[in-house]
Amino acid sequence: MVPHVHVVENGVQMREVIQQFDCLGYAPDQIYVLAHDEKRTHTLAETTETQEVGVHEEGVLGSVANLFRSRGDELRSKMESLGLSKLEAERYERELDNGRVLVVAKPS
C-alpha cells in the first residue's frame, strides 16, 4: 500500500493531519514525522507521540549507511524506506529544505 503524505508549515497543521490520520485508523506507530533538522524531527515526534524513521524501517545497513550520507541523501533514503518513490522523495526533500515538515502515514 502507498503511504499517505502531507506537507505542513507549522505545529497546528501537523496536529490536524495527525488527527486526520488517527480518524482514518492509523495507530501512532504508523505515523512518522520528518523535518530537515534532525533535532527538530526528534522533538516533533516526541511531542506528537509519533515515530521517527529508524532501524526498524530502514534496516541495519540503511541506518549505518546514513552515517556517511549528506542530510539530503539521508532524508531521501528514510522517505524511500517508508514506501515513497525516488522521485517523490526528491520532491519532498525540497519541501523540507524550505522549512516544512512531512507527516507520513504508513499502512501496515
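Our structure is the block above this text.
Residues numbered from 1 in each chain as written. Predicted model: local features only at pLDDT ≥ 70, side-chain atom pairs only at ≥ 80, totals over all residues. Heavy atoms only, no water.

*Asks:* I tried to follow the pairing of strand E3 (residues 101–105) on my own but got confused; where do I start?
*Replies:* Along any regular strand the residues' side chains alternate between the sheet's two faces. Of all five residues making up E3, five are buried, and the element is well covered by its neighbours. In this structure, strand E1 (residues 4–8) lies alongside E3, joined through five bridges in antiparallel fashion. Among the inter-strand pairings, His-4 is bridged to a residue of E3, identified as Ala-105. Across four bridges, the pairing between strand E2 (residues 31–34) and E3 is antiparallel. Residue pairing across strands places Leu-34 opposite Leu-102, the latter belonging to E3. (Buried < 20%, exposed > 50% of the residue type's maximum accessible area, 1.4 Å probe, protein only. Helix = DSSP H or I, 4+ residues; strand = E, 2+ residues; numbered from the N terminus. Pairing = 2+ DSSP bridges.)

*Asks:* Explain the nonpolar core here, please?
*Replies:* Across soluble globular proteins, nonpolar side chains show a tendency to be buried alongside one another. If you look at the biggest cluster of nonpolar residues, it comprises 14 residues, and the most contacted ones within it are Met-14, Phe-21 and Val-103. When contributions to this core are tallied by element, the ones reaching two or more residues are helix H1 (11–23), E2, helix H2 (38–48) and E3. It is H1 that provides the largest number of residues to this core, a total of four residues. Excluding anything up to four places from it in sequence, Val-103 contacts His-4, Val-5, His-6, Val-8, Met-14, Val-17, Ile-18, Phe-21, Ile-31, Tyr-32 and Val-33. Core analysis: the second largest hydrophobic core is formed by 12 residues, Leu-82, Tyr-92, Leu-96 and Val-104 among them. (Core = buried A, V, L, I, M, F, W, Y, C linked by side-chain atoms within 4.5 Å. Contact = heavy atoms within 4.5 Å.)

*Asks:* Whenever I open this one, unusual backbone geometry confuses me. Can you help?
*Replies:* Of all residues except glycine, most have a negative phi; of all peptide bonds, most are trans. At Glu-49, a residue that is not glycine, the phi angle is positive and equals roughly 55°. Topologically, Glu-49 is positioned in the loop between H2 and helix H3 (55–66). Among the residues examined, Glu-49 registers a relative accessible area of 62% and is labelled exposed.

*Asks:* Hey, could you run me through the sheet that holds E1 in this one?
*Replies:* As a general point, the strands of a sheet are linked pairwise by backbone hydrogen bonds and lie either parallel or antiparallel. One open sheet accounts for three strands, arranged E1-E3-E2; its pairing is antiparallel. The two strands at the open ends of the sheet, each matched to only one other strand, are E1 and E2. With direction set aside, neighbouring strand axes in the sheet form an average angle of 20°. Sitting on the sheet, H2 touches E2 and E3, and the angle it makes with E2 is about 150°. (Axes fitted to C-alpha atoms, helices over the stretch in contact; angles between N-to-C directions.)

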